[in-house]
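Observations on the three-dimensional arrangement
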Amino acid sequence: MSFSLPELPYAYDALAPYMSRETLEFHHDKHHQAYVTNGNNLLKGSEWEGKPLEEVVKGAFGKNAGLFNNAGQHYNHLHFWNWMKPNGGGDKIPGALEKQIVADLGSVAKMKEDFIQAGVTQFGSGWCWLAVKDGKLAIMKSANGESPLVQGATPILGCDVWEHSYYIDYRNRRPDYLKAFVDNLVNWDYVAKLYEAAKK
Ligand code: MN3
């Protein structure tokens, strides 16, 4: 099984003005495509050829940096496109997940604040996350192509804080990008789906 780039689950201009058509054209068509192309080249002939993506990501971590970086970013971006939708964000969080957020992270408002803060304080390229770790929800962050998958946890929401994700629309204002993501883009139904799967 080799990696392939899926179409975006919405039109290129569907997330405007929070994320522009130009950003999605570059981010999806160029950056994600490059991870797919490079990942497939590095996968060929490796011990992970034919393995499911999550196994490639976990297996290559610490062993094959080139393959890990590209497979990790392919995994992260596959979910990232689905972590957003037009008219997303807000407080419409499916009940079971909302309860768990309140129990483990204080409140929905505090979870959002800590998620944004994790993204703001990730120095350089990387991601901020809401993840399930040891049966509890946790806010995490990671550098470059890493994710909670290689930190003993399961990601259920992530935001890309590489400059390619926000520089066209927000220039250097990463905090504004993160706030727009949380307030206007998050697809909480998809997050809840991953949360239910992670609990099993
Ligand atoms: Mn990216």
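Our subject is the structure that appears above.
Keep in mind it's a predicted model, so treat the numbers as computed, not measured.

A closer look at the sheet that holds strand S3 (residues 154–160)
- Spatial ordering of the open sheet is given by S2-S1-S3, a layout of three strands whose pairing is antiparallel. Of all the strands in the sheet, just strand S2 (136–143) and S3 have a single pairing partner and so form its edges. On average, each strand axis in the sheet is tilted by 20 degrees relative to the strand beside it, whichever way the strands run.

Description of the pairing of strand S1 (residues 126–133)
- By the criterion of burial, S1 is predominantly enclosed, with seven of the eight residues buried.
- With eight bridges connecting them, S1 and S2 associate as antiparallel partners. Its bridge partner lying in S2, Cys128 is registered against Lys141.
- Hairpin connection between S1 and S2: a loop of two residues separates the two successive antiparallel strands, and Asp134 in this loop has a positive phi of roughly 50 degrees.
- Sheet topology note: the S1/S3 ladder contains six bridges and is antiparallel. Looking at S3, one finds that Val132 is bridged to Thr154.

Quick look at the coordination of the manganese ion
- The coordination sphere of the manganese ion, as far as protein atoms go, consists of His27 (NE2), His77 (NE2), Asp160 (OD) and His164 (NE2), spread over 1.9 to 2.2 Å.
- Read in sequence order, the donor residues for the manganese ion give the motif H-x49-H-x82-D-x3-H. Here the residue His27 occupies a position in helix H1 (residues 21–43), and His164 occupies one in the loop between S3 and helix H6 (167–170), the gap between them amounting to 137 residues. In terms of burial, His27 and His164 fall into one category: buried.

What about helix H5 (residues 108–121)?
- Taking 1.5 Å as the rise per residue, H5 with 14 residues should run 20 Å; its terminal C-alpha atoms sit 20 Å apart, in good agreement.
- All of the buried residues in H5 are Val108, Met111, Lys112, Phe115, Ile116, Ala118 and Gly119. Buried residues along H5 cover an arc of 155 degrees about the axis, so they all sit on one side. Across from the buried face of H5, at angles greater than 90 degrees, the exposed residues are Ala109 and Glu113.
- Looking at the buried positions of H5, the neighbouring elements they touch are helix H4 (95–105), S1, S2, S3, helix H7 (174–185) and helix H8 (188–199).

Some thoughts on the packing of aromatic side chains
- Applying the stated criterion to the full structure yields 11 aromatic pairs.
- Each ring, one from Phe80 and one from Trp127, has its centre 5.5 Å from the other, and the planes form 90 degrees; the classification is edge-to-face. Of this pair, Phe80 sits in helix H3 (residues 65–82) while Trp127 sits in strand S1; the two residues are 47 residues apart in sequence, bridging distant segments of the chain.
- Among the residues examined, Phe80 registers a relative accessible area of 0% and is labelled buried.
- Measuring from centroid to centroid gives 6.0 Å for Phe80 and Phe181, while their planes differ by 15 degrees, and the two rings are stacked. Of this pair, Phe80 sits in helix H3 while Phe181 sits in helix H7, placing them 101 residues apart in sequence.
- The structure contains a cluster of three or more aromatic residues connected by ring pairs, namely Phe80, Trp81, Trp83, Phe115, Trp127, Trp129 and Phe181.

Here we look at the pattern of salt bridges
- One pass over the full model with this rule turns up seven salt bridges.
- Taking the shortest distance from any N to any O, the salt bridge between Lys112 and Asp91 comes out at 2.5 Å. Residue Lys112 is located in helix H5, and its partner Asp91 is located in the loop between H3 and H4; the two are separated by 21 residues in the primary sequence.
- On the accessibility criterion, Lys112 (11% relative accessible area) is buried.
- On the accessibility criterion, Asp91 (56% relative accessible area) is exposed.
- A salt bridge links Lys110 to Asp114; its shortest N-O distance comes to 2.8 Å. Taken together, the residues span about one helical turn, with Lys110 and Asp114 both in helix H5 at a distance of four residues.
- Among the residues examined, Lys110 registers a relative accessible area of 37% and is labelled partly exposed.
- Accessibility expressed as a relative area gives 24% for Asp114, which makes it partly exposed.
- Put simply, Asp13, Arg21 and Glu25 are held in one network by salt bridges that share partners.

So, how was this worked out
- Residues numbered from 1 in each chain as written.
- Predicted model: local features only at pLDDT ≥ 70, side-chain atom pairs only at ≥ 80, totals over all residues.
- Heavy atoms only, no water.
- Pairing = 2+ DSSP bridges.
- Helix = DSSP H or I, 4+ residues; strand = E, 2+ residues; numbered from the N terminus.
- Axes fitted to C-alpha atoms, helices over the stretch in contact; angles between N-to-C directions.
- Buried < 20%, exposed > 50% of the residue type's maximum accessible area, 1.4 Å probe, protein only.
- Donors = N, O, S within 2.8 Å, 3.2 Å for Na, K, Ca; no water.
- Expected span 1.5 Å × (residues − 1).
- Arc of directions from axis to C-beta.
- Contact = heavy atoms within 4.5 Å.
- Phe/Tyr/Trp six-rings, centres within 6.5 Å; stacked < 30°, edge-to-face > 60°.
- Salt bridge = Lys/Arg side-chain N within 4 Å of Asp/Glu carboxyl O.

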